[in-house]
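So you can see what is in the structure, the chains are spelled out below.
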Amino acid sequence: VAGGDAPAGTTNVLVFGCSVSRPPERLLLPLARISDDLPFHHALFTSITLHGTETIGKLSLEKDLDHVNRMASDWLHLQDAEGTTAVSAVQTHPTVADTARALVALCEALPEGKNSPVRVFLCGSLYLVGGFLQLLFIF
């Protein structure tokens with residue numbers, strides 16, 4: 001896997017979240033293995049809870065946050081174990097909405113602001129993808 005047809009200076013962002021019942025390391029390992037060819041400059045980890053006012057599968061937000069921190073820790077360990085040279089700047093966020101706001105802020109802080117080329121790789125859970133799709137209509 002290579003970086004593809006991205007313009008020079010493109011920032012690659014990994015947005016990842018999976019349910020507590022899924023082992024994140026199994027889902028993150030393939031991403032860590034390709035991250036030298038397709039470096040993720042930033043990695044944002046989140047729960048699959050959209051706003052924090054609801055719970056999915058009766059999980060508490062506290063348990064979700066522990067899982068989010070575990071995903072971020074697993075990512076850093078996997079990058080290290082794979083000998084990745086391009087280590088991501090990692091952020092954790094409690095909800096999908098918080099992560100979307102952080103992604104917008106990250107893009108605005110890039111050298112060319114909103115005109116900077118950015119590729120976002122959103123994965124881990126269909127709940128996460130669906131949550132981002134819902135938020136697209138709000139932003």
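In case you missed it, the structure is sitting above this.
Residues numbered from 1 in each chain as written. Predicted model: local features only at pLDDT ≥ 70, side-chain atom pairs only at ≥ 80, totals over all residues. Heavy atoms only, no water.

1. A look at the pattern of salt bridges
For clarity, the cut-off: We count a salt bridge whenever a side-chain nitrogen from Lys or Arg sits within 4 Å of a carboxyl oxygen from Asp or Glu. Helix and strand assignments follow DSSP, with helices taken as H or I runs no shorter than four residues and strands as E runs no shorter than two, numbered in order from the N terminus. Burial classes follow relative accessibility: with a 1.4 Å probe on protein chains only, a residue under 20% of its type's maximum area counts as buried, one over 50% as exposed, and anything between as partly exposed.
The full count for this structure, using the stated rule, is four salt bridges. Glu82 serves as the salt-bridge partner of Arg33, at 3.6 Å between the closest nitrogen and oxygen. Here the residue Arg33 occupies a position in helix H1 (residues 24-34), and Glu82 occupies one in the loop between helix H2 (61-81) and strand S3 (89-93), the gap between them amounting to 49 residues. Of the residues examined, Arg33 reaches a relative accessible area of 54% and is grouped as exposed. Residue Glu82 is classed as partly exposed on the basis of its relative accessible area of 35%. Among the ionic contacts, a cluster of salt bridges with common partners joins Glu25, Arg70 and Asp74.

2. Brief notes about the state of the cysteines
By definition, a disulfide links the sulfur atoms of two cysteines through a covalent bond. As a reminder of what qualifies: Two cysteine sulfur atoms form a disulfide, by the criterion used here, when they sit within 2.5 Å.
The tally for this structure, following the rule as stated, stands at zero disulfides. Just so you know, Cys18 is unpaired, no disulfide at all, and the nearest cysteine sulfur is the one on Cys123, 9.5 Å from it. Classification of Cys18 by relative accessible area gives buried; the value is 2%. Its sulfur unpaired, Cys107 is 16 Å from the next cysteine sulfur, which belongs to Cys123. The class for Cys107 is buried, based on a relative accessible area of 19%.

3. Topic: the nonpolar core
Nonpolar side chains tend toward joint burial in soluble globular proteins. Spelled out, the test is: The nonpolar core is taken to be a set of buried Ala, Val, Leu, Ile, Met, Phe, Trp, Tyr and Cys residues, with the residues joined through side-chain atoms within 4.5 Å. Throughout, a residue-residue contact means that at least one pair of heavy atoms, one from each residue, lies within 4.5 Å.
Leu14, Phe16, Leu28, Leu31, Phe45 and Trp75 are the most contacted members of the largest nonpolar core, which has 16 residues in total. Looking at this core, the elements with two or more residues in it are strand S1 (11-16), H1, strand S2 (42-46) and H2. When residues in this core are grouped by element, the largest group, five residues, is from H2. If we skip the residues at most four places from it in the chain, Trp75 touches Leu14, Leu28, Leu31, Ala32, Phe40, Ala43, Phe45, Ser88 and Val90. Ranked by size, the runner-up nonpolar core spans 15 residues in total, among them Leu50, Ala100, Ala102 and Leu128.

4. Considerations on the packing of H1 against H2
Quick reminder of the rule: Every axis in this analysis is a line fitted to C-alpha atoms, fitted for helices over the stretch in contact. Angles between the N-to-C directions lie between 0 and 180 degrees. Crossing handedness: left-handed means the near helix sits turned counterclockwise from the far one by under a right angle, and right-handed means the same turn made clockwise. Basically, the charged four are Asp, Glu, Lys and Arg, the nonpolar ten are Ala, Val, Leu, Ile, Met, Phe, Trp, Tyr, Cys and Pro, and anything else, Gly included, counts as polar.
For the pair H1 and H2, the least separation of the axes is 9 Å and the interaxial angle reads 40°. Seen from above, H1 lies across H2 with right-handed handedness. Contacts from Pro24, Glu25, Leu28, Leu29, Leu31 and Ala32 in H1 reach His67, Arg70, Met71, Asp74, Trp75, Leu78 and Gln79 in H2. Partitioned by chemical class, the residues of the contact of H1 with H2 number eight nonpolar, two polar and three charged.

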